[in-house]
Amino acid sequence: SSRRMVAEDSPHETDVYCIRHHVPILALRGRVMFPGIRASVALPPRAVRLARELLRQGRAGGIGFVAMQPGTAELYNIGTFCKVVAAKEEAYEEARSSSSAGGGYGGTGGGAGGRVLLTVEGCSRLRVLRCTRVAAPFQISTVQLLEDYVGDCSGVTWNSLLLRVQKELLSLLPRVDAPDPLRWPTSASGFGDVVGVLLGRLGVKDRQQILETIDVRERLELILPWLHREARADDGDDVSPSATSSVGESRMQWPLIGVEYELQSVRGAVRSLDDASFGLGDEWGSEEEDIVSHMSRAILEVGLSADAMRIAKGELKRLKALASHHSEYIGVRTYLETLMSLPWKACTVDSLDLPQARAVLDGDHFGLEAPKKRILEFLAVRQLGGSTKGPILCLEGPPGIGKTSLGFSVAKALGRKFTRLALGGMRDEAELRGHRRTYIGSAPGAIIQGLQAVGVNNPVLLLDEIDKLTHSAHFNPQAVLLEILDPEQNIDFRDHYLNTPFDLSRVLFMCTSNNGSLMDRPLLDRLELLELTGYTAREKEAIARSHLLPKQRRLHGLQTPDPEPTVATADSARLTLSDMAISALVEGWASSEGGVRRLERLLGSICRWAALQLQQGAEPGMTGRIVVDAPDLEEILGSPLGCASPTWRRLQTLEDGVAPTLSELADGNAEVVFVEAACAAGCGGLTVTGGLGLGPVAREAMLTAVSTLRSQCCCDEALLSPYGGSVGSLSGGG
């Protein structure tokens, strides 16, 4: 024959090759395996156990299947290297004899006794180099893995040949009632292998000839006449009834092949032979089949809603019909995994012990009575058997007062899990509601992802910095929160990715904001707003004494190690601040903020100074103690913030026409602003300066002051008419 077959002197057999030793070879009678095709072989349990043991001992990674020459016990030289994907032990009805002379195994049928249905998938062609030993029914051999030879695929002749093969192949397929989807070869080399399985009239010799033709162009030229002959037989030409029946059977078998056999690229299969995925563990199993069976069980166990169950069953059917290399396989599998990972029924039991909850809240935070009272009220309602829907609280106040950390304390007091979602700078609605599955890389929204992470449907979900959501004329993520934070709507919250309702009514939502005026009014209407003012000086002193100073001592190693973990006390600390020092620290360095973040940083500075003093003592690592009093603070921290600031110095020497005012900032803090008025020659007008830093309230106050002045001096018009006024802010304000 002039065709390029795999032979000793073939110029193509060493293009890409791989030698494997100790490969079990199984003989097949009346059947030829092809690469890229998944098929089943019925074997006795003893043969399966032997194959498993042989694969454990060697590094072959699979089994070779070689057809027997018709009428003899000799094997062909070329076969198919397959990986084992599943082994299922069942009793099958006897369909055909699975063994005959020479020990060859035939189709999927087997004896009525216990047989193991071994599912294998062809990876590449192989050539048997030599047989090293026999372990019936296997021949342990050294083989050479072969890859298809693909020449120039850009010419007109090549495209014409490929189109003719596809046209002839399509003419054999059923034109109506075709199953969806049909498996179609993913490469030109796969057409020949598919035809070897599809055409029922081909004998073993013809199929073996297809297998041994490694040149893809020559393989297509080989199968084209056979396809044409099958098409003529399908049109009712002069053929025997048995041949017509054979063609009909092959046409009926094609949809089955499309569902059960998965075509893969031979190149990718050969490259993956060295991967660890070929290593077989204690039990054989198909990863895809294991995934599908696991998902089928999990869908019934997670407690999906009726609508979600309907969608999941439909997607599971799609997953079964898709090959793992299909472009939609990963998307369908990820969607099902997301559905199964959501807490449809899983929840935690609330701790309804009011004294314990009060103790937890008081132990973590000083003050903040409004939110604490509201949480205790919620627990009291739960004790009386009231609604299980969680309140939607919004804590509004200046930075550093503990709004975010209060959410974790609430979760601990209720015995619930806690998750936090930072909304600052978020501007895309899809980040909250999810992306539709039509987009590449789509994923659920942040709300669903948070519930997926905690694994329960009633956590404490903190929406941090809700007033920092970015919105404009083109996008407004606050509109999405209208549904999420509405107790009457979030029972059927529909994420775009899930596309099925999910109940959010049992989630306890907590929001934090610094300035509620930046939020939309419809959103504010859905929130239970709790305004938190800044801490007073006495409250800051208590927080520093009971929370911040012990924390900083632990962080800086200034707490004496105790063999038995106990609550840290002042007696076991290497650094102590007197009550006068704490009062002076708050009044002199941390009085301008509403929270305690600056106070905590100052205490950290004192602790670092104390650590340096201890290490620079007479002996490094000395175990002495340091007591800091009020006079020592200026040496450690420098001049008090108020005394050293320009604002303090200006207050000491106020000039005529300058008035100090207290301005509230957007974050809840305040600062001193100086307003200066000057009189100059003019026509009686008023000029207000201060730029963007001067707010509308201050401007209106200045105009009111001038109007008052005019009303008081109306009796002497000549006093005001020649002059104009100028009022300006020197430090900004509002």
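Residues numbered from 1 in each chain as written. Predicted model: local features only at pLDDT ≥ 70, side-chain atom pairs only at ≥ 80, totals over all residues. Heavy atoms only, no water.

## Comments concerning the overall build of the protein chain
Moving on, step 1. Counting its regular elements, the protein chain contains 25 helices and 19 strands.
Moving on, step 2. The burial tally for the protein chain puts 45% of its 734 residues in the buried class.
Moving on, step 3. Contacts in the protein chain between residues far apart in sequence, at least 24 positions, make up 75% of those at least 6 positions apart.
Moving on, step 4. Counting only carbon and sulfur atoms, one obtains 53% of the accessible surface of the protein chain, whose full area is about 36,400 Å². (Helix = DSSP H or I, 4+ residues; strand = E, 2+ residues; numbered from the N terminus. Buried < 20%, exposed > 50% of the residue type's maximum accessible area, 1.4 Å probe, protein only. Contact = heavy atoms within 4.5 Å. Areas by Shrake-Rupley, 256 points an atom, 1.4 Å probe, with all protein chains shown as cover.)

## With respect to unusual backbone geometry
Moving on, step 1. A cis amide bond, omega 5°, links A136 with the succeeding residue P137.
Moving on, step 2. Within the element layout of this structure, P137 appears in the loop between β5 (114–135) and β6 (138–146).
Moving on, step 3. Despite not being glycine, H22 shows a phi value in the positive range, around 55°.
Moving on, step 4. A relative accessible area of 49% means that H22 is categorised as partly exposed.
Moving on, step 5. Unusually for a residue other than glycine, N499 sits at a positive phi of about 60°.

## Notes on the packing of aromatic side chains
Moving on, step 1. Counting across every chain of the model gives three aromatic pairs.
Moving on, step 2. Cation over ring: R437 sits above Y335, and NZ or CZ is 3.9 Å from the ring centre. (Phe/Tyr/Trp six-rings, centres within 6.5 Å; stacked < 30°, edge-to-face > 60°. Lys NZ or Arg CZ within 6 Å of the ring centre and 35° of its normal.)

## A look at the nonpolar core
Moving on, step 1. Ranked by size, the top nonpolar core spans 59 residues in total, and within it I63, F65, F138, V165, L220 and I223 carry the most contacts.
Moving on, step 2. Among residues more than four places away in sequence, those in contact with I63 are P24, A51, L55, T80, F81, C82, V84, L118 and F138.
Moving on, step 3. Counting residues in each nonpolar core, the second largest holds 51 residues, with A446, L463, L498 and L523 among its members. (Core = buried A, V, L, I, M, F, W, Y, C linked by side-chain atoms within 4.5 Å.)

## Quick look at the pairing of strand β12 (residues 508–513)
Moving on, step 1. Burial within β12 is extensive, with six of its six residues counted as buried.
Moving on, step 2. Of the two faces of β12, the one carrying L508, M510 and T512 and the one carrying F509, C511 and S513 are both buried.
Moving on, step 3. By the bridge criterion, five bridges tie strand β7 (residues 392–396) to β12 in an arrangement that is parallel. Looking at β12, one finds that L395 is bridged to T512.
Moving on, step 4. Here strand β9 (residues 460–464) pairs with β12 via four bridges, running parallel. Looking at the pairing, V460 lines up with L508 of β12. (Pairing = 2+ DSSP bridges.)

## So, the packing of helix α19 (residues 579–589) against helix α20 (residues 597–615)
Moving on, step 1. Running from N to C, α19 and α20 cross one another at 125°; their axes reach a closest spacing of 11 Å. Considering their axes alone, α19 and α20 lie oblique with respect to each other. Viewed along their axes, α19 and α20 form a crossing whose handedness is right-handed. Contacts between α19 and α20 involve L585, V586 and W589 on the former and, on the latter, R598, L599, L602, L603 and I606.
Moving on, step 2. Tallied by class, residues from the contact of α19 with α20 come to seven nonpolar, no polar and one charged. (Axes fitted to C-alpha atoms, helices over the stretch in contact; angles between N-to-C directions. Parallel < 35°, antiparallel > 145°, perpendicular 65-115°, else oblique. Left-handed = near helix turned anticlockwise from the far one by under 90°. Nonpolar A, V, L, I, M, F, W, Y, C, P; charged D, E, K, R; others polar.)

## Considerations on helix α11 (residues 354–364)
Moving on, step 1. Inspection of α11 places A357, V360 and L361 among the buried residues, and these make up the whole buried set. One side of α11 holds all its buried residues, which, seen down the axis, span an arc of 95°.
Moving on, step 2. On the buried face of α11, the contacting elements are α12 (369–383) and α13 (403–414). (Arc of directions from axis to C-beta.)

## A closer look at the environment of V165
Moving on, step 1. Note on placement: V165 falls in helix α2 (residues 156–172).
Moving on, step 2. By relative accessible area, which is 0% here, V165 ends up buried.
Moving on, step 3. Along the primary structure V165 and L220 are separated by 55 residues, whereas in three dimensions their C-alpha atoms are 7.1 Å apart.
Moving on, step 4. Each residue touching V165, except ones within four places of it in the same chain, is listed here: F191, L220, I223, L224 and L227.

## Things to note about the pattern of salt bridges
Moving on, step 1. For the structure on display, the rule yields 25 salt bridges.
Moving on, step 2. D148 is the partner of R219 in a salt bridge, and the nearest nitrogen-oxygen pair spans 2.5 Å. Placement of R219 in helix α5 (residues 216–234) and of D148 in the loop between β6 and α2 is noted, with a sequence separation of 71 residues between them.
Moving on, step 3. A single salt-bridge network, built from bridges that share partners, covers R125, D148, D193 and R219. (Salt bridge = Lys/Arg side-chain N within 4 Å of Asp/Glu carboxyl O.)

## Things to note about helix α10 (residues 329–341)
Moving on, step 1. With 13 residues, α10 extends 18 Å from end C-alpha to end C-alpha; this agrees with the ideal 18 Å at 1.5 Å per step.
Moving on, step 2. Taken residue by residue, α10 has Y329, V332, Y335, L336, T338, L339 and M340 as its buried positions. (Expected span 1.5 Å × (residues − 1).)

## A few points about the side chain of R553
Moving on, step 1. As for its position among the elements, R553 is in helix α18 (residues 537–555).
Moving on, step 2. Excluding anything up to four places from it in sequence, R553 contacts L558, Q559, A573, L575, T576 and C607.

## Brief notes about the packing of α18 against α19
Moving on, step 1. Viewed as axis vectors pointing N to C, α18 and α19 meet at an angle of 125°, and their least axial separation amounts to 9 Å. Regarding the angle of α18 to α19, the classification is oblique. Helix-helix and strand crossings are classified by hand; for α18 and α19 the assignment is right-handed. Of α19, the residues touching α18 (which contributes A537, R538, K540, E541, A544 and R545) are D579, I582, S583, V586 and E587.
Moving on, step 2. Here the contact of α18 with α19 is built from residues that sort into four nonpolar, one polar and six charged.

## A closer look at the sheet that holds β9
Moving on, step 1. A sheet is described by the order of its strands in space; here five strands give the open sequence β8-β9-β12-β7-β13, paired in parallel fashion. Of all strands in the sheet, those bounded by a partner on one side alone are β8 (418–422) and β13 (528–531). Between one strand axis and the next, the sheet turns through 20° on average, direction left out of account.
Moving on, step 2. Contacts from α12 reach β7, β12 and β13, with the element oriented near 145° to β13.
Moving on, step 3. Where α13 meets the sheet, it contacts β7, β8, β9 and β12, and its direction lies at approximately 160° from that of β12.

## Description of the environment of L575
Moving on, step 1. Inspection of the secondary structure puts L575 in strand β14 (residues 575–577).
Moving on, step 2. Each C-alpha atom of the pair L575 and Q559 lies 7.9 Å from the other, and the pair is 16 residues apart in sequence.
Moving on, step 3. Once residues lying within four places of it in the same chain are set aside, the contact partners of L575 are R553, L558, I606, C607, A610, I626 and V628.

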